[in-house]
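The lines below spell out each chain.
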Amino acid sequence: MRLPLAIVAAIADNGVIGRDNRLIWRLRSDLRRFRDLTWGKPMIMGRKTYDSIGKPLPGRRTVVLTRDRSFAAPGVEVAHGWDQALARADALASEMGTDEISVIGGAEIYALALPGTRRLYLTLVHASPEGDTLFPAYDRSAFRELWRRECAKGPDDEHPFTFLDLERRSSAAGR
Ligand SMILES: NC(=O)c1ccc[n+]([C@@H]2O[C@H](COP(=O)([O-])OP(=O)(O)OC[C@H]3O[C@@H](n4cnc5c(N)ncnc54)[C@H](OP(=O)(O)O)[C@@H]3O)[C@@H](O)[C@H]2O)c1
């Protein structure tokens, strides 16, 4: 069965999502939301994002996309193409009893997922840091707003931010 895809991303006001293969802000509130959104689900990520995290995250299953046939990491599933990653994530979701697959970046993997993604769980970070990785351009009008919350920065947040959940207007077009 093809399950819906949900992108989870934190995007600065200038579109930046990363620099030097790492996150560029400390936002405890966003880490909590990321954990809640992805918990109990398979996550698809690019090899560079996996390297930046460095280990499989607890309570989730990890599918890493790479063209490197020799890549292996303990506790991680490896896929060598987008369709293979989707098939693997579908199988994991069924094992885990969940009905959504998280796509957690980085930019290359968001670009692969965007044409077929059902939901975007975004954190809009109100800052404009320098970076080398941008969230890919996408047709915002194809998505309707499900929920939004403006948040002042908490004690462990470097910036104010907005949580924004979007859903594709025609679910026929997305998984
Ligand atoms: N702000 C956020 O929410 C967020 C979330 C995630 C990541 N990030 C940031 O984004 C940056 C990383 O993003 P990125 O775009 O550079 O890298 P990425 O998307 O994490 O990984 C790219 C890698 O994925 C593999 N890949 C891509 N397309 C593939 C395909 N069709 N088939 C097989 N493998 C494929 C390749 O791995 P190989 O080179 O091994 O072949 C490629 O080098 C970092 O700075 C990270 O911190 C930010």
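Residues numbered from 1 in each chain as written. Predicted model: local features only at pLDDT ≥ 70, side-chain atom pairs only at ≥ 80, totals over all residues.

Draft legend 1. Examining the site of the ligand more closely. Around the ligand, a shell composed of 27 residues is seen, among which G18, G46, T49, G105 and G106 lie nearest. For the shell around the ligand, the residue count by class is ten nonpolar, eleven polar and six charged. (Near = placed C-beta within 6 Å. Nonpolar A, V, L, I, M, F, W, Y, C, P; charged D, E, K, R; others polar.)

Draft legend 2. Geometry of the pairing of strand β3 (residues 42-46). The element β3 is largely enclosed, with a buried count of five among its five residues. Going residue by residue along β3, you find P42, I44 and G46 tucked away on one face and M43 and M45 tucked away on the opposite face as well. Pairing of β3 with strand β4 (residues 61-65) involves five bridges; the strand directions are parallel. The partner of G46 across the bridge, within β4, is L65. (Buried ≥ 20, exposed ≤ 12 C-beta atoms within 10 Å, placed from the backbone. Helix = DSSP H or I, 4+ residues; strand = E, 2+ residues; numbered from the N terminus. Pairing = 2+ DSSP bridges.)

Draft legend 3. Representation of the environment of G75. In this structure, G75 sits in the loop between β4 and β5 (76-79). Judged by the 10 C-beta atoms lying within 10 Å of it, G75 falls in the exposed class. Separated by 20 residues in sequence, G75 and K55 place their C-alpha atoms 8.2 Å apart.

Draft legend 4. Looking closely at the sheet that holds strand β9 (residues 143-151). Spatially, the eight strands line up as an open sheet ordered β5-β4-β3-β6-β1-β7-β10-β9, and their pairing is mixed. The sheet terminates laterally at β5 and β9, the two strands that pair on one side only. Across the sheet, the axes of successive neighbouring strands diverge by a mean angle of 20°, strand direction being ignored. With seven bridges connecting them, strand β7 (residues 119-125) and strand β10 (residues 161-168) associate as antiparallel partners. Bridging from a neighbouring strand, L120 pairs with L166 of β10. Where helix α1 (residues 28-38) meets the sheet, its contacts fall on β1 (5-12), β3, β6 (101-103), β7, β9 and β10, and the angle it forms with β1 comes to roughly 175°. (Axes fitted to C-alpha atoms, helices over the stretch in contact; angles between N-to-C directions. Contact = placed C-beta atoms within 7 Å.)

Draft legend 5. A look at α1. Those residues of α1 that sit buried are D30, F34 and T38. Down the axis of α1, the buried set is contained in an arc of 55°. They therefore lie on one face. The exposed residues of α1 that point more than 90 degrees off its buried face are R32 and D36. In this fold, the buried residues of α1 make contact with β1, β3, β6, β7 and β10. G40 sits one or two positions beyond α1 and adopts a positive phi of about 75°. (Arc of directions from axis to C-beta.)

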